[in-house]
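Below are the chains, spelled out letter by letter.
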Amino acid sequence: MRIHKEGKGSILIGVCTFIMVNILSYELISPRFWLLQLAIFIVTLILIALVISFFRIPSRVLIQDDNLVLAPCDGKVVVIEEVEADEYFKDKRIQVSIFMSVLNVHVNRNPIEGEVLYSMYHKGKHLVAWHPKSSTANERHTVVYKHKSGREVLAKQIAGALANRIVNYLTIGKIAKQSEEMGFIKFGSRVDLLLPLDAKIKVKLGDIAQSGITTIAEWESC
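Residues numbered from 1 in each chain as written. Predicted model: local features only at pLDDT ≥ 70, side-chain atom pairs only at ≥ 80, totals over all residues. Heavy atoms only, no water.

Peer 1: Whenever I open this one, helix α2 (residues 34-54) confuses me. Can you help?
Peer 2: Structural remark: α-helix, 3.6 residues per turn; residues separated by three or four positions point the same way. Helix length check: α2 (21 residues) gives 30 Å between terminal C-alpha atoms against 30 Å at 1.5 Å per residue, within 8%. Of the residues making up α2, those classed as buried are Q37, T44, I48 and F54. Seen end-on, α2 carries its buried residues on one side only, within an arc spanning 125 degrees. Along α2, exposed side chains directed more than 90 degrees from the buried face belong to W34 and L35. (Helix = DSSP H or I, 4+ residues; strand = E, 2+ residues; numbered from the N terminus. Expected span 1.5 Å × (residues − 1). Buried < 20%, exposed > 50% of the residue type's maximum accessible area, 1.4 Å probe, protein only. Arc of directions from axis to C-beta.)

Quick look at the structure:
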């Protein structure tokens, strides 16, 4: 396991805060209240451990398969439905949404290999990520990939109530490699996929996905 580059600043701030709070606790609280000092130490230690854990990148054998659409993030599958696309596409698509809690790995990965046709950041609200309107009302970054078969897949990074930054590494015209990093969302969020109607969905509601490993859908070779 290693720590993601996006976490260096947050972890540094967290460690400095941990040290300062506990120094102040030692200096300002009477030794008679050692249980309070201990409680402050334990709580702040847990918080800094959670921050470090949030930016972890576990060791995994990532999959690459042209016939598969892989999970773009870790988390729970919360939406599988046919929808009218509200961005880029003008037709119906199959939407698969994965919710990431603060305990999930938050690296986002390319679900397929393909050319990046579209990359757009949208300012927005910070509704809870499972809110029905979060896909269109929240801060988000949308990317569209064109597979070599001609199929196009949209991936939308959506900030949640706690998320304070969406990072996306893709630019229009780039050839994105399947399972390589697409970006990162700090502190709780969700990723939507909009897939062609001929995609055969391989997950169900409530399934736990792992980025770069779990098959979300598959299609026939062209």
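Back to the write-up after that little detour.
Peer 1: Sorry, what's going on with the environment of L117 here?
Peer 2: Looking at the secondary structure, you find L117 in strand β7 (residues 114-122). In sequence terms L117 and S149 are 32 residues apart; their C-alpha atoms lie 14 Å from each other. Once residues lying within four places of it in the same chain are set aside, the contact partners of L117 are Y88, V144, K146, E152 and I172. (Contact = heavy atoms within 4.5 Å.)

Peer 1: Can you help me understand the UniProt feature "transmembrane region" (unreviewed entry) in the protein in this one?
Peer 2: According to UniProt, the feature "transmembrane region" (unreviewed entry) maps to residues 12-29 and 35-55 in the numbering used here. Structurally, residues 12-29 comprises 94% helix and 0% strand, and the distance from its first C-alpha atom to its last is 25 Å. In residues 35-55, helix accounts for 95% and strand for 0%; the two terminal C-alpha atoms are 31 Å from one another. (UniProt positions renumbered as here; feature names shortened; annotations may be inferred.)

Peer 1: Would you mind showing me how to read the sheet that holds strand β4 (residues 75-84) here?
Peer 2: In sheet architecture, strand pairing relies on hydrogen bonds along the backbone and comes in two forms, parallel and antiparallel. Taken in spatial order, the eight strands of this open sheet run β11-β7-β8-β9-β13-β5-β4-β15, and their pairing is antiparallel. Each of the sheet's edge strands pairs with one partner strand only, and the pair in question is β11 (175-176) and β15 (208-209). As paired strands, β7 and strand β8 (residues 140-146) are joined by seven bridges and run antiparallel to one another. Residue pairing for β8: M120 is matched across the bridge by T142. (Pairing = 2+ DSSP bridges.)

Peer 1: Help me understand helix α1 (residues 8-28), please; the structure alone is not making it clear to me.
Peer 2: Taking 1.5 Å of rise per residue, 21 residues should cover 30 Å, and α1 covers 30 Å from first to last C-alpha, within 8% of that figure. Residues of α1 that are buried include every one of S10, I11, G14, F18, N22 and S25, and no others. Down the axis of α1, the buried side of the element spans an arc of 95 degrees, and every buried residue falls inside it. Turned more than 90 degrees away from the buried face of α1 sit K8, L12, I13, M20, E27 and L28, all of them exposed.

Peer 1: Please clarify how the pattern of salt bridges should be interpreted in this entry.
Peer 2: Oppositely charged side chains can form a pair if their charged atoms are brought close together. As enumerated under the stated definition, the model contains 10 salt bridges in all. A salt bridge links E82 to K92; the shortest N-O distance between them is 3.8 Å. On the criterion of sequence distance, the pair formed by E82 in strand β4 and K92 in strand β5 (residues 92-100) is long-range, its members being 10 residues apart. Here E113 makes a salt bridge to K177, at a shortest N to O gap of 3.6 Å. Of this pair, E113 sits in the loop between β6 (107-109) and β7 while K177 sits in the loop between β11 and β12 (181-186), and the two are 64 residues apart along the sequence. Under the relative-accessibility criterion, E113 is labelled partly exposed at 29%. (Salt bridge = Lys/Arg side-chain N within 4 Å of Asp/Glu carboxyl O.)

Peer 1: For this particular structure, what's the right way to read the domain arrangement of the protein?
Peer 2: Frequently, the measure chosen for interface size is the accessible area that the parts lose on association. Its domain assignment divides the protein into domain 1 (1-55) and domain 2 (66-216). Using only C-alpha atoms to locate each centre, domain 1 and domain 2 end up separated by 33 Å. Taken residue by residue, the interface counts eight residues in domain 1 and 14 residues in domain 2. Approximately 880 Å² of surface area, both sides summed, lies buried where domain 1 meets domain 2, with 62% of it carried by carbon and sulfur atoms. The three residues of domain 1 that bury the most area against domain 2 are H4, E6 and F54, which together make up 69% of that side's buried surface. (Domains from an automatic or database assignment. Buried area = accessible area lost by both parts, 1.4 Å probe.)

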